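# Remarks on the overall topology
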Amino acid sequence: MKNFMKGVLEWKTGASLAFTGSVLVYLVIALLMGERQIEATAIIAMLLLSTVGTFVQYLCFTDNIIKNMRYTRRLMLFGALFMPLLTGIAVAFGWFPTAKPGAWALFLGIALVVFAAMTLGFEMYFRVAGRKYDGLLGQYRKEHEGE
C-alpha cells in the first residue's frame, strides 16, 4: 500500500507540473496571437492530456509497473500509447480541421518533432548527469583507496 501511495503521489506531482506547464505555454501563445480568454474546453483538454499522459509516462519510464525493459522499448511503448491519446484528444476537442490531410500531416509532424526534441533533451541531460556522477564516484574511490 505504501508503494501504491508513493506512486500516486509521483503521478499527481507529474500531472500537476504537466498541466501547469501546458497552461503557461498555451497562455503565452494565446497572448502572442492577441487572444484575451481561454476557453473552458481548452483547459479540460489540457487537464485530460496532462493526467492521462503523465500516467502513460509513469507506466513507460519507471520500474514501478514494468520491470527490466530497455530504454528504446520504453520509448516505443510510450509513443505507441501516447500518440493515440494525443490524437484522440486533438480530434475530440477540435484542435485542427480533421477533414484536411495537410492538417493531419502538420499535426503529426509537430508531435514527432516535439517528441524527438524532448527525447534528445532528456538523453543529453542523462549523459551530463551520468558523467557528473561518474566523476564523483571516481573521486570517492580515489579518496577511499587505502581503506
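In this report, we go over the structure that sits alongside the text. Because the structure is predicted, anything quoted here is derived from the model rather than measured.

Scanning the protein from terminus to terminus reveals 4 helices and 0 strands. Here the protein has a C-alpha radius of gyration of 20 Å; the compact-globule value for 147 residues is 15 Å, and the former is much larger. With the C-alpha coordinates of the protein rotated into their principal frame, the extents come out at 70 × 35 × 30 Å. Here the protein holds 147 residues, and 22% of them are scored as buried. Sequence separation of at least 24 residues holds for 49% of the intrachain contacts in the protein that already meet a minimum separation of 6. Of the roughly 11100 Å² of accessible surface on the protein, 69% is carried by carbon and sulfur atoms. Taken together, the 14 basic and 9 acidic charged side chains of the protein have centroids lying 6 Å from each other.

Where empty space is left in the structure can be found by rolling a water-sized probe over the atoms. Its boundaries defined by the atoms lining it, the largest pocket holds a volume of some 2100 Å³. The wall of the largest pocket is formed by 50 residues, among which S22, L49, F82, L86 and V114 lie closest to the centre. Of all the elements in the fold, those that place two or more residues in the lining of the largest pocket are α1 (2-32), α2 (40-61), α3 (71-92) and α4 (101-143). Per-element accounting of the lining of the largest pocket gives the leading share, 12 residues, to α4. Tallied by class, the residues present in the lining of the largest pocket amount to 35 nonpolar, 12 polar and 3 charged.

Counting 15 residues, the largest nonpolar core has L49, F82 and L86 as the members making the most contacts within it. Of all the secondary structure elements, the ones that give two or more residues to this core are α2, α3 and α4. A per-element tally of this core places α3 first, with 7 residues. For F82, the residues in contact, after removing those within four places along its chain, are L49, G53 and V56.

A word on a nonpolar patch on the surface. Among the surface-exposed residues, Y71, L106, I110, V114, M118, F122, Y125 and F126 lie close enough to one another that they form a single nonpolar patch of about 820 Å² accessible area. Here the element with the most residues in the nonpolar patch is α4; it accounts for 7 residues. Residue placement: Y125 occurs in helix α4.

Inspection of the secondary structure puts T62 in the loop between α2 and α3. Within the local environment of T62, its side chain forms a polar contact with the backbone oxygen of Y58, the two atoms lying 2.6 Å apart.

Looking now at unusual backbone geometry. Of note in the backbone geometry, N68 takes a positive phi value of approximately 55° without being a glycine. The exposed category is assigned to N68, whose relative accessible area is 80%.

We now examine the packing of aromatic side chains. For any pair of aromatic rings, the description consists of the separation of the ring centres together with the inter-plane angle of the planes. Going through the model one piece at a time under the given rule, you end up with 7 aromatic pairs. With a centroid separation of 6.0 Å and an interplanar angle of 45°, the aromatic rings of F61 and Y71 are classed as tilted. Of the two residues, F61 sits in helix α2 while Y71 sits in helix α3, which places them 10 residues apart along the sequence. In this structure an aromatic cluster arises from ring pairing among F61, Y71, F78, F82 and F115.

What counts as what
- Residues numbered from 1 in each chain as written.
- Predicted model: local features only at pLDDT ≥ 70, side-chain atom pairs only at ≥ 80, totals over all residues.
- Heavy atoms only, no water.
- Helix = DSSP H or I, 4+ residues; strand = E, 2+ residues; numbered from the N terminus.
- Rg over C-alpha atoms; globule rule 2.2 N^0.38 Å.
- Buried < 20%, exposed > 50% of the residue type's maximum accessible area, 1.4 Å probe, protein only.
- Contact = heavy atoms within 4.5 Å.
- Areas by Shrake-Rupley, 256 points an atom, 1.4 Å probe, with all protein chains shown as cover.
- Lys, Arg positive; Asp, Glu negative; His and termini not counted.
- Charge placed at Lys NZ, Arg CZ, Asp CG, Glu CD.
- 1 Å grid on protein atoms, 1.4 Å probe; cavity = no way out; pocket = protein on both sides within 12 Å on 5 of 7 lines; lining within 4 Å.
- Points joined across faces, edges and corners; volume = space filled by probe spheres on them.
- Nonpolar A, V, L, I, M, F, W, Y, C, P; charged D, E, K, R; others polar.
- Core = buried A, V, L, I, M, F, W, Y, C linked by side-chain atoms within 4.5 Å.
- Patch = residues over 30% accessible without salt bridge, like charges linked within 9 Å, V, L, I, M, F, W, Y side chains within 5 Å.
- Salt bridge = Lys/Arg side-chain N within 4 Å of Asp/Glu carboxyl O.
- Polar contact = N/O pair within 3.5 Å; in protein donor to acceptor, adjacent residues only side chain to side chain.
- Phe/Tyr/Trp six-rings, centres within 6.5 Å; stacked < 30°, edge-to-face > 60°.

None of this, on its own, says anything about what the molecule does.
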